[in-house]
Amino acid sequence: MMKEQQKSLFWVASSKKDLAGLPEEVQDVFGYALHLAQEGKKHEQAKPLKGFGGAGVLEVVEDFKGNAYRAVYTVKLGNTIYVLHCFQKKSMHGIETPKPDMDLIRERLKAAETHAKGAVK
């Protein structure tokens, strides 16, 4: 049986720097989730992000010391996992992702789609 080729990882905008600024325990969870995504698997805490029509955009939610952290990535662009956004969710009322973060994710998804089209020539 042939081992499936691992997908590559592409960090959109400041997502890698943002991840590096999160607590180490959170970085470990998100790093593992992204590693699984590269292998075509899904982390148990990964779920489709609402508002993006289906499972193309996923978020991993990690609660650490009373704070909520999110990593958002897409698996639907060719053979690359695009990390769109890593952040600490500030608002504690409701589980909805705040609008500024959703806008940023949409913007970065467009950038990822443009990058993916350029990479596929």
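An account of the accompanying structure is given in this report. Everything numeric here is computed off the predicted structure, so don't read it as measured data.

**Some words on the pattern of salt bridges**
Working step 1: With the rule as written, the count across this model stands at four salt bridges.
Working step 2: Two residues, Glu39 and Lys41, come together in a salt bridge whose shortest N-O distance is 3.1 Å.
Working step 3: Glu39 gets classed as partly exposed once you look at its relative accessible area, which sits at 31%.
Working step 4: Of the charged contacts, one joins Glu59 and Arg70 as a salt bridge, the two residues approaching to 3.1 Å between their closest N and O atoms. One end of the pair, Glu59, is in strand 3 (residues 57-64); the other, Arg70, is in strand 4 (residues 67-77), with eleven residues separating them in the sequence.
Working step 5: On the basis of relative accessibility, which here comes to 6%, the residue Glu59 falls in the buried class.
Working step 6: Shared partners join several salt bridges into a network, and the residues in it are Lys47, Glu59 and Arg70.

**Quick look at the sheet that holds strand 1 (residues 8-11)**
Working step 1: In space, the five strands of this open sheet follow the order 1-5-4-3-2, with mixed pairing throughout. At either end of the open sheet lies a strand with only one pairing partner, and these are strand 1 and strand 2 (46-48). On average, each strand axis in the sheet is inclined to that of its neighbour by 30 degrees, with strand direction left out of account.

**Comments concerning the environment of Ala71**
Working step 1: Counting through the fold element by element, Ala71 comes out in strand 4.
Working step 2: As a C-alpha pair, Ala71 and Pro23 span 48 residues in sequence and 13 Å in three-dimensional space.
Working step 3: Residues contacting Ala71, with those up to four places away along its chain left out, are Phe30, Leu58, Glu59, Val60, His85 and Cys86.

**A word on the environment of Glu39**
Working step 1: As for its position among the elements, Glu39 is in the loop between helix 2 (24-38) and strand 2.
Working step 2: As a C-alpha pair, Glu39 and Gln6 span 33 residues in sequence and 5.2 Å in three-dimensional space.

What counts, and where the lines are drawn
- Residues numbered from 1 in each chain as written.
- Predicted model: local features only at pLDDT ≥ 70, side-chain atom pairs only at ≥ 80, totals over all residues.
- Heavy atoms only, no water.
- Salt bridge = Lys/Arg side-chain N within 4 Å of Asp/Glu carboxyl O.
- Buried < 20%, exposed > 50% of the residue type's maximum accessible area, 1.4 Å probe, protein only.
- Helix = DSSP H or I, 4+ residues; strand = E, 2+ residues; numbered from the N terminus.
- Pairing = 2+ DSSP bridges.
- Axes fitted to C-alpha atoms, helices over the stretch in contact; angles between N-to-C directions.
- Contact = heavy atoms within 4.5 Å.

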